[in-house]
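Structure assessment
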Amino acid sequence: MSDKLSFKQSMERIDKILELLEKNEIDLEEAIDLFEEGLKLVHDCDQQLAGFKDKMNELIQNYEGEDHA
């Protein structure tokens with residue numbers, strides 16, 4: 001996967017991977033490849049969430065620093 005997926009796209013792909021793995025109808029090699037892809041997607045989502053959290057904290061600090069009288 002060369003292109004970076006959006007958070008939503010990543011979550012949808014993770015759901016699809018889980019669905020495929022739960023069906024238990026694929027060979028072991030494919031299951032391992034899917035598992036590896038899923039782990040990478042989870043890591044990417046975790047990084048995106050951390051970035052979202054940082055952005056939210058920045059926005060809150062900026063808002064609190066302004067005069068809202």
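Preceding this paragraph is the structure being described.
Residues numbered from 1 in each chain as written. Predicted model: local features only at pLDDT ≥ 70, side-chain atom pairs only at ≥ 80, totals over all residues. Heavy atoms only, no water.

**A look at the environment of Arg13**
Relative to the assigned elements, Arg13 resides in helix α1 (residues 7-23). The spacing of Arg13 and Gly38 is 25 residues in sequence and 7.9 Å in space, taken between C-alpha atoms. Looking at Arg13, its side chain comes within polar contact range of the side chain of Glu37, at 2.7 Å. (Helix = DSSP H or I, 4+ residues; strand = E, 2+ residues; numbered from the N terminus. Polar contact = N/O pair within 3.5 Å; in protein donor to acceptor, adjacent residues only side chain to side chain.)

**Notes on unusual backbone geometry**
In this structure, Asn24 takes a positive phi of about 55 degrees despite not being glycine. Along the polypeptide, Asn24 turns up in the loop between α1 and α2 (28-65).

**What to know about a negative patch on the surface**
Residues Asp27, Glu29, Glu30 and Asp33 make up a contiguous surface patch of negative charge. You can see Asp33 is positioned in helix α2. (Patch = residues over 30% accessible without salt bridge, like charges linked within 9 Å, V, L, I, M, F, W, Y side chains within 5 Å. Areas by Shrake-Rupley, 256 points an atom, 1.4 Å probe, with all protein chains shown as cover. Salt bridge = Lys/Arg side-chain N within 4 Å of Asp/Glu carboxyl O. Lys, Arg positive; Asp, Glu negative; His and termini not counted. Charge placed at Lys NZ, Arg CZ, Asp CG, Glu CD.)

**Quick word on the pattern of salt bridges**
If you walk through the whole model with that rule in mind, you get 5 salt bridges. Between Arg13 and Glu37 there is a salt bridge, and its shortest N-O distance comes to 2.7 Å. With Arg13 in helix α1 and Glu37 in helix α2, this residue pair connects regions lying 24 residues apart in the sequence. Residue Glu37 is classed as buried on the basis of its relative accessible area of 18%. Taking the shortest distance from any N to any O, the salt bridge between Lys40 and Glu36 comes out at 3.7 Å. Taken together, the residues Lys40 and Glu36, both in helix α2 and 4 residues apart, mark about one turn of the helix. Connected through salt bridges with shared partners, the residues Lys16, Glu19 and Lys23 form a single ionic network. (Buried < 20%, exposed > 50% of the residue type's maximum accessible area, 1.4 Å probe, protein only.)

**Structural notes on the packing of α1 against α2**
The geometry of α1 relative to α2 is characterised by a closest axis approach of 9 Å and an angle of 150 degrees between their N-to-C directions. When the axes of α1 and α2 are compared, the pair comes out roughly antiparallel. The two elements α1 and α2 meet at a crossing, and its hand is left-handed. Of the residues in α2, those touching α1 at Phe7, Ser10, Met11, Arg13, Ile14, Ile17, Leu20 and Leu21 are Ala31, Leu34, Glu37, Gly38, Leu41, Val42, Cys45, Gln48, Leu49 and Phe52. Taken together, the residues of the contact of α1 with α2 break down into 13 nonpolar, 3 polar and 2 charged. (Axes fitted to C-alpha atoms, helices over the stretch in contact; angles between N-to-C directions. Parallel < 35°, antiparallel > 145°, perpendicular 65-115°, else oblique. Left-handed = near helix turned anticlockwise from the far one by under 90°. Contact = heavy atoms within 4.5 Å. Nonpolar A, V, L, I, M, F, W, Y, C, P; charged D, E, K, R; others polar.)

**Brief notes about α1**
Three- or four-residue spacings in an α-helix give side chains the same orientation, since the helix completes a turn every 3.6 residues. The end-to-end C-alpha distance of α1, which contains 17 residues, comes to 25 Å, matching closely the 24 Å that a straight helix rising 1.5 Å per residue would cover. Looking only at α1, the buried set comprises Ser10, Ile14 and Ile17. The arc that holds every buried residue of α1, seen down its axis, measures 65 degrees, which confines them to one face. Every exposed residue of α1 that faces more than 90 degrees away from the buried side is listed here: Lys8 and Glu22. Those residues of α1 that are buried are in contact with α2. Phi for Asn24, located one or two positions after α1, is positive at around 55 degrees. (Expected span 1.5 Å × (residues − 1). Arc of directions from axis to C-beta.)

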